[in-house]
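Secondary and tertiary structure notes
Listed here are the chains, written in short residue letters.
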Amino acid sequence: MKNRILIVDDSFYMRTMLKNMLTDAGYDVVGEAANGQQARDLASETKPDLITLDVILPDNTGLEVLKDIRQELPDVKIVMCSAVGQEVIVNEALESGASAYIVKPFSEDKVLEIVGGALQDSGASA
Amino acid sequence: MKSREQEYRELFMAEALEAYDAMSQHMSVLEKRPGDEGALNEVFRLLHNLKANARAMGHDAIGEVAHRMETIFGQIRSKERPFAGSMVPVLFSGIDVLGGMIRAVGANLPLTENVPLVENLDRVIEGEEPVLVDDESGTEEDATRKLELSDLVYIPIKKLDHLLNLVGELIIDRDRVLTLAQEIGDTTLQSVTAHLSRLADDLQYSVMDARLVGVGTLFNKFPRVVRDVATAEQKQVELTISGQDIQIDRNILQIITDSLLHLVRNAIGHGIETPQERLKAGKPEVGQLTLSAQTDRDNVLIRISDDGRGVDAERVRRKAVERGLLSREAAARLNEAEVHNLLFEAGFSTAEQVTEISGRGVGLDVVKLAIDSLGGQLRVDSRLGQGTTFTLVLPTSIAVKGALLFELDGHPYALPLMHTDSVVSLRPEKLHVVGGTLLAKVLAENIPVVRLADLLADNDDALPPANRAALLGPQDIIITNYNGRKLGLIVDRFLRQQDIVIKPVSQPLDMIDLFGGVTLLGSGQVCLVLDVPAITRLFLSRRP
């Protein structure tokens, strides 16, 4: 069965790129969220296997969303996405239960490697 | 593969341009309120996205600038340092440079790194003083800037006024041509004129639409006014604004600007009590003032509402008698609404002490005149101890007004619908004569009625006592309403309801203020437009 992935990013451009990469690699992208509230709603609705989560979101920090979703879905794998510069937040995210993180800009190989690794519960990071 | 790249490119450009516009707006907010958290968070988030997206697209020059700006905004956001001092011009020029680079990407131009800016950003990050130079050095940036034209055009309002006048003339001619085509009866001509008519309609609405602005452009100036007036009056006032997006003709907004200012000053100066008085009256210390706009069919309603002391009807009655506006007996007979309308009478002002701001010697009568000149209405609604609401009923556009056409002595006349309550057809036995004046009972209300022909007769004397026997058959009566005063006008015949373009009356006629203007009908006939306020005043001065 295909692994199901939810994409959370406030940039439509980023979401589109991630979706294309993941779909091409055979994953099932079950939803896209542009802010924290949508992320929470879609996460509980679709119960994905993995969530890619942008650290900086308009209505909330990605960190709060991470903690909320963690609580509701303890088994979901969460991969943080961030451009360099916000390492402090990324570190905190890893401590709060994120499986791995991807640094933007990302290459297709890197994304697939990290997502694949996280799904095998290897706790990989970039 | 090629098409996916194209898609990414388009998405990147769309988001980047949007981000640039949003950042520019947030920057101007920060210029006024450097601590505005919403604006700081948004600029930070947008820079973060722009950086990531630009790098993904390979536009590293954008990424470099955005990354450094993000770092600085991160410091400001976490309150390590304020948005102030020499960093501000650097951040502004950073936004400008980003805008220039984004546009360059859109125009397929190569990006070059802006070294002086990047160095300055680094200095700001390290807490050093940036090196500020005059804008002369940015020649490269200027070169790209010439490539884009704004989608917005600023037009002097005079040009739009001229356009509106021309459209007015065109509408009049259109009505003539339509009538002529009807008379000639040629079907080809009729279909051409029908098309012409639709085009003229479209043109008229387009021009009217081009003149519309959001009420917010005026409303948004009031938080400042309220703060200043409240401070000067030592009142505590919270202002709530709503309906900023309601659209209205720019010139109408211009004309009511002073009125609105006056009403708001009044509300704070005379309406809302001091904090001590409010506490004593069992009200919260902070007074509430509301400025709102809404549409009501073709009109725009603007309300100024306060929760202050309200209008003291007894005091108004007393004042009106003191100022000789009416007798003690007449004053005692007035109902609440009629008392409120006294506030708008010339020379009436309840302000007992002239305060620094609200007392400018301008009474509500001046406000009333301004609204009248627009063909609008001013209403007041007040409850003692609870507050007062002023409502301005304004036309959306000045060009075209709905009017009721009627005939008198073989000539057509028009009455603006804004001042028309209803039309009735009554048999003479339904009318009563009281004290020489005809009265009609319409919807349980006794309304004075007069033959318009008598009223318009060239004569300053009192009207002859009404003679019911002279009225033969059903009488067509238009009930007008000015400032809550109703008056029935007997006319020869109702014609129809029609949108008309009102033109100012020219020379000898403008001596007679009974006519608010003139319009040309499709038949080519000149039609005078009656001014209801003037007619009402004339009736009051000549009633037997």
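As a convention, each chain's residues are numbered from 1 in the sequence order in which they are written. All chains are assigned letters beginning at A, and all ligands numbers beginning at 1, according to the order in which they are written. Where totals are concerned, whole chains, interfaces and linings use all residues; where local detail is concerned, this predicted model gives features only for residues with pLDDT of at least 70, and gives and counts side-chain atom pairs only at 80 or more.

1. Quick word on the overall build of chain B
Tallying secondary structure elements over chain B gives 19 helices and 18 strands in all. Between the buried cut of 20 or more and the exposed cut of 12 or fewer other C-beta atoms within 10 Å of a residue's own C-beta lies the partly exposed class, and all C-beta atoms are placed from the backbone. Within chain B, the proportion of its 544 residues that are buried is 34%. For chain B, restricting intrachain contacts to residue pairs at least 6 apart in sequence, the fraction spanning at least 24 positions comes to 67%. Helix and strand assignments follow DSSP, with helices taken as H or I runs no shorter than four residues and strands as E runs no shorter than two, numbered in order from the N terminus. We call two residues in contact if the C-beta atoms placed from their backbones are at most 7 Å apart.

2. Quick notes on the confidence of the model for chain B
Residues and elements named next belong to chain B. Within chain B, residue pLDDT values average 83, and 90% of them lie at 70 or more. Contacts for the low-pLDDT stretch residues 136-146, under 50 throughout, to residues beyond four places or in other chains number 9 contacts. Scored from 0 to 100, pLDDT records how confident the predictor is in each individual residue. Confidence drops under a pLDDT of 50 for residues 350-361, and excluding neighbours within four residues, the segment shows 19 contacts in the predicted structure. Interface confidence in the predicted complex, given as ipTM, is 0.78; pTM for the same model is 0.50.

3. Re the interface of chain A and chain B
Residue-level contacts link 14 residues of chain A with 16 residues of chain B. If you tally residues by element for the side of chain A that touches chain B, the top one is helix α1 (residues 12-24) of chain A, at 6 residues. Note on residue categories: nonpolar means Ala, Val, Leu, Ile, Met, Phe, Trp, Tyr, Cys or Pro, charged means Asp, Glu, Lys or Arg, and polar means any other residue, Gly included. When grouped by side-chain class, the residues that make up the side of chain A that touches chain B number 8 nonpolar, 4 polar and 2 charged.

4. Points about the environment of K319(B)
Here K319(B) is to be found in helix α13 (residues 313-322). As for K319(B) and F348(B), which are separated by 29 residues in sequence, their C-alpha atoms are 7.9 Å apart.

5. Some points on the confidence of the model for chain A
Residue and element names in this part refer to chain A. Looking at chain A, the pLDDT average stands at 84 and 92% of residues meet or exceed 70. Summarising per-element confidence for chain A, the mean pLDDT is lowest in helix α4 (residues 87-95) (78) and highest in strand β1 (residues 4-8) (94). Across residues 122-126 the pLDDT falls below 50, and counting only partners more than four positions away or on other chains, this stretch makes 14 contacts in the model.

6. Considering the nonpolar core
Among buried residues, those of type Ala, Val, Leu, Ile, Met, Phe, Trp, Tyr and Cys that are joined through C-beta atoms within 7 Å form a set called a nonpolar core. Counting residues in hydrophobic clusters, the biggest one holds 78 residues, and the most contacted among them are V79(A), M80(A) and Y101(A). Element by element, the count of residues in this core is highest for helix α2 (residues 37-56) of chain B, at 10 residues. Other than its neighbours up to four places away in sequence, M80(A) contacts L53(A), V55(A), G62(A), V90(A), A93(A), A98(A) and Y101(A). Counting 40 residues, the second largest nonpolar core, distinct from the first, contains L263(B), L378(B), V380(B) and L394(B).

7. Here's the deal with the sheet that holds strand β4 (residues 287-296) of chain B
All names here are of chain B. Pairing within the open sheet is mixed, and its 5 strands lie in the order β2-β4-β5-β7-β6. Looking at which strands have only one partner, the edges of the open sheet turn out to be β2 (237-242) and β6 (377-383). Averaged over all adjacent pairs, the angle separating strand axes in this sheet is 15°, with direction ignored. Strands were regarded as paired on the criterion that DSSP finds at least two bridges between them. Across 7 bridges, the pairing between β6 and strand β7 (residues 387-395) is antiparallel. Pairing of R379 across the sheet is with T391, part of β7. Helix axes are fitted to C-alpha atoms over the stretch in contact, other axes to C-alpha atoms as well, and angles between N-to-C directions run from 0 to 180 degrees. The sheet contacts of helix α10 (residues 222-233) involve β2 and β4, and relative to β2 the element is tilted by about 165°.

8. Let's talk about the UniProt feature "modified residue: 4-aspartylphosphate" (unreviewed entry) in chain A
All names here are of chain A. UniProt positions are given in the numbering used here, feature names are shortened, and annotations may be inferred rather than shown by experiment. According to UniProt, the "modified residue: 4-aspartylphosphate" (unreviewed entry) feature falls on D54. Positionally, D54 belongs in strand β3 (residues 50-54). Other than its neighbours up to four places away in sequence, D54 contacts V8, D9, D10, G62, C81 and S82.

9. Digging into the packing of α10(B) against helix α11 (residues 250-271) of chain B
Residues and elements named next belong to chain B. Between α10 and α11, the least distance of the axes is 10 Å, while the angle of their chain directions is 35°. Read as a crossing pair, α10 and α11 show a hand that is right-handed. In this structure, α10 uses F222, V225, V226, V229, A230 and E233 to contact α11, whose residues at the interface are L261, V264, R265, I268 and G269. By residue class, the composition of the contact of α10 with α11 is 8 nonpolar, 1 polar and 2 charged. Note on convention: near helix rotated counterclockwise from far helix by under a right angle means a left-handed crossing. Clockwise means right-handed.

10. What to know about helix α19 (residues 532-542) of chain B
The periodicity of an α-helix, 3.6 residues per turn, causes residues three or four places apart in sequence to face the same way. All of the buried residues along α19(B) are V532(B), P533(B), I535(B) and F539(B). The buried residues of α19(B) occupy one face: seen down the axis, they fall within an arc of 165°. By construction, the arc corresponds to the directions joining the helix axis to the C-beta atoms.

11. A few points about the packing of helix α2 (residues 36-46) of chain A against helix α3 (residues 62-72) of chain A
When two helices pack together, their arrangement is given by the angle between the helix axes and the distance between those axes. Residue and element names in this part refer to chain A. At a minimum axis separation of 10 Å, α2 and α3 run at an interaxial angle of 15°. Taken together, the axes of α2 and α3 lie roughly parallel to each other. The hand of the α2/α3 crossing is right-handed. Mapping the contact onto sequence places G36, A39, R40, A43 and S44 in α2 and E64, V65, D68, I69 and E72 in α3. Under this scheme an angle from 65 to 115 degrees is roughly perpendicular, one under 35 degrees roughly parallel, and one over 145 degrees roughly antiparallel; angles in between are oblique.

12. Digging into the pairing of strand β5 (residues 100-104) of chain A
Residues and elements named next belong to chain A. The element β5 is extensively covered by neighbouring structure, given that 5 of its 5 residues are classed as buried. On β5, burial covers both faces: A100, I102 and K104 on one face and Y101 and V103 on the other are all buried. Taken together, the 5 bridges between strand β4 (residues 77-83) and β5 define a ladder with parallel strand orientation. Within β5, the residue paired with M80 across the bridge is Y101.

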